[in-house]
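# Structural overview
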Amino acid sequence: MSALVMCALAMTSNAGSWQQGVSIGGFNSVHIYTPGTRSPVGNGKSLLIVLHGCVQPIDNFLTANLELAAEEHGMVVAVPNAMNKAGYACWSYWHGAVSRTSADYENLITLANTMSGDSSRDIDPKQVYLSGLSSGAIMAAQTGCLAPDVFAAVAPSAGPSIGTSASGAFSCETVTSATFKSRCEAYAGTNKSYFATQIAVVGHGSSDTTVPKCYNQQNAEGYAAVYGATQAPGTITLTESAGHTADQTLWSDNRVAMLWFNNLDHSWSGGSDASGSYVSANSINFASYLGAYFIDHNKRIDRNHGPLIGNHTAVN
């Protein structure tokens, strides 16, 4: 039997499952996928929280290939349904205070801490990540700024810059790198020292005609300012399979990555065979990319473990 077949059989026999509509962390309904694998780094599984976009039911993420990324990288995936929705069922990022104790910001932080604090889930608290699409993207970005102590990485996709208005979802609002840095650090308050070990990935569909594409570079440069990173020259084209590509730009020490999802409209990039409203198969599997990128570049994991000692006998 080939190694490839044996690997496939092992993954099938140890595969995890979806729990749908779980009430946890202040949310009434969260879809949770728990893999049968662990992260190859750190201590336990990682956790990726994915936030839906406007007019997008969380059920759509059940066909977005999230479970493939979860099994491949030992990553629990949680998809919460926003509790405090604004118009068009958006995350309410432009209403009220941006605060750790406000509405869904508090819920997201509570969800992350509740899941990572539950020993039965085997989640490494140093590998907790937050992503999202559109209104979920900016909600993820603002929450990541509020709680850099909780989230080791943030990955907004096709979302406006932090602190923009509701109308900024349809026309580009300029947020300079200095303003982005100022806002993000103000949100963090006394926790801003944790930016020293947080990383960010931003992405946008090259064919998006809904949310202005200006935000991709703007957000990447904003995070670079927060982290003190500089843009590296050139881009790399990532190919998942024929016709499924993305262009990647990096910043120093891999603190920031920017992706252009080729041929993708205003959708979550699910990779081959993904489907659902605002979920597309046209580019790479973003969740799988994130799982690999975070394993390679998480700044909070101790990668210098001492040798394991086994089969030893104590002698008096």
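Presented here is a report on the structure given in the accompanying data block. (Residues numbered from 1 in each chain as written. Predicted model: local features only at pLDDT ≥ 70, side-chain atom pairs only at ≥ 80, totals over all residues. Heavy atoms only, no water.)

## Some points on the sheet that holds strand S9 (residues 244–250)
If you walk across this open sheet you meet the 10 strands as S1-S2-S4-S3-S5-S6-S7-S10-S9-S8, and the pairing is mixed. Each edge of the sheet is formed by a strand with only one pairing partner; in this case those strands are strand S1 (17–24) and strand S8 (236–241). The average angle at which neighbouring strand axes cross in this sheet is 20°, direction not considered. Where strand S6 (residues 153–157) meets strand S7 (residues 199–205), 3 bridges bridge the pair, whose relative direction is parallel. Paired with Val-154 across the strands is Ala-200, a residue of S7. Running over the sheet, helix H3 (residues 103–116) touches S1, strand S2 (27–34), strand S3 (45–51), strand S4 (75–80) and strand S5 (123–133) and is turned about 160° from S3. (Pairing = 2+ DSSP bridges. Helix = DSSP H or I, 4+ residues; strand = E, 2+ residues; numbered from the N terminus. Axes fitted to C-alpha atoms, helices over the stretch in contact; angles between N-to-C directions. Contact = heavy atoms within 4.5 Å.)

## Quick word on H3
For the α-helix, the turn length of 3.6 residues means that residues three or four positions removed from each other point alike. Between the first and last C-alpha of H3 there are 20 Å, a value that for 14 residues agrees with the 20 Å anticipated at 1.5 Å per step. Of all the positions in H3, only Asp-104, Tyr-105, Asn-107, Leu-108, Ile-109, Leu-111, Ala-112, Met-115 and Ser-116 are classed as buried. Check the buried side of H3 and you find it contacts S1, S2, S3, S4, S5 and helix H4 (135–146). (Expected span 1.5 Å × (residues − 1). Buried < 20%, exposed > 50% of the residue type's maximum accessible area, 1.4 Å probe, protein only.)

## Some words on the packing of H4 against helix H5 (residues 177–188)
Their axes nearest at 6 Å, the elements H4 and H5 cross at an angle of 60°. Regarding the angle of H4 to H5, the classification is oblique. Where H4 approaches H5, its residues Gln-142, Cys-145 and Leu-146 are matched on the opposing element by Cys-184, Tyr-187 and Ala-188. Within the contact of H4 with H5, the residues separate by chemical class into 5 nonpolar, 1 polar and no charged. (Parallel < 35°, antiparallel > 145°, perpendicular 65-115°, else oblique. Nonpolar A, V, L, I, M, F, W, Y, C, P; charged D, E, K, R; others polar.)

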